[in-house]
Amino acid sequence: QVQLVESGGGSVQAGGSLRLSCAASGDIDDRNSYMGWFRQAPGKEREGVASIYRLFGRTYYADSVQGRFTISQDNAKNTVYLQMNSLKPEDSAMYYCATTRPGYAGPSLSASGYSYWGQGTQVTVSS
């Protein structure tokens, strides 16, 4: 089992920045897995925002956040971050951290591939 706890959400004006954190604990020693950030706005499907392949640190981004968001990891702390810059009102959503099981080889931003999820943290961007 893996436990994920997100933090860092909040309210910000358009153009501002936030940094989300996801602290992982439990059965996470095998780094042959992905950790990702997803978001879901009311009435919309959950979408993949960014992910990182833990073993090599390779990153993946949705087109909508490319160049504005950065995912990173601190292996010593078992924590993944999402730095969000130049925020837009359409970035407003509940943001979730998730991780795949070791050995997952599917799409890096597909929610169906992720097995463990945090409770989410709300991000609200006002215009």
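Reading the values: the criteria
Residues numbered from 1 in each chain as written. Predicted model: local features only at pLDDT ≥ 70, side-chain atom pairs only at ≥ 80, totals over all residues. Heavy atoms only, no water. Core = buried A, V, L, I, M, F, W, Y, C linked by side-chain atoms within 4.5 Å. Buried < 20%, exposed > 50% of the residue type's maximum accessible area, 1.4 Å probe, protein only. Helix = DSSP H or I, 4+ residues; strand = E, 2+ residues; numbered from the N terminus. Contact = heavy atoms within 4.5 Å. Phe/Tyr/Trp six-rings, centres within 6.5 Å; stacked < 30°, edge-to-face > 60°. Lys NZ or Arg CZ within 6 Å of the ring centre and 35° of its normal. Pairing = 2+ DSSP bridges. Axes fitted to C-alpha atoms, helices over the stretch in contact; angles between N-to-C directions. Disulfide = S-S within 2.5 Å.

Draft legend 1. Inspection of the nonpolar core at higher detail. In this structure, W37, L82, M84 and Y95 are the most contacted members of the largest nonpolar core, which totals 29 residues. Where this core is concerned, the elements lending two or more residues are strand 1 (2-7), strand 3 (18-26), strand 4 (34-40), strand 5 (47-53), strand 7 (69-74), strand 8 (79-84), strand 9 (93-99) and strand 11 (121-126). The leading source of residues in this core is strand 3, at four residues. Setting aside anything within four residues of it in sequence, one finds Y95 in contact with E6, L20, W37, F38, R39, V49, F69, L82, M84, G120, T121 and V123. Y34, Y53, Y104 and Y114 belong to the second largest nonpolar core, which has six residues in total.

Draft legend 2. Representation of the packing of aromatic side chains in the model. For the structure shown, the criterion picks out nine aromatic pairs. Ring centres of F38 and Y114 lie 4.8 Å apart, and the angle between their planes is 75°; on these two criteria the pair is classed as edge-to-face. Here F38, found in strand 4, pairs with Y114, found in the loop between strand 9 and strand 10 (116-117); they are 76 residues apart in sequence, far enough to count as distant. Judged by its relative accessible area of 5%, Y114 falls in the buried class. One aromatic cluster is present, formed by Y34, F38, Y53, F56, Y60, Y96, Y104, Y114 and W117 through successive ring pairs. Positioned over the ring face of Y96 is R46, at 3.9 Å from the centre of the ring. For R46, the ring lying beneath its charged end belongs to W117, and the centroid distance is 4.7 Å.

Draft legend 3. Structural context of the sheet that holds strand 7. With respect to topology, four strands assemble into an open sheet ordered 1-3-8-7, the strand pairing being antiparallel. Bordering the open sheet on either side are strand 1 and strand 7, each of which pairs with just one other strand. Strand-to-strand, the axes of this sheet are offset by a mean angle of 20°, without reference to chain direction. With six bridges connecting them, strand 7 and strand 8 associate as antiparallel partners.

Draft legend 4. Representation of the state of the cysteines. Throughout the structure, instances matching the rule amount to one disulfide. A sulfur-sulfur distance of 2.0 Å marks the disulfide that ties C22 to C97. Here C22 and C97 share a disulfide; its torsion about the S-S bond, -75°, makes the bridge left-handed. Separated by 75 residues along the polypeptide, C22 in strand 3 and C97 in strand 9 bring together distant segments of the chain.

Draft legend 5. A look at the pairing of strand 8. The buried count for strand 8 comes to five of six residues, which makes it a mostly enclosed element. Counting the residues between successive antiparallel strands, the hairpin from strand 7 to strand 8 contains four residues, one of them, N78, with a positive phi of roughly 50°.

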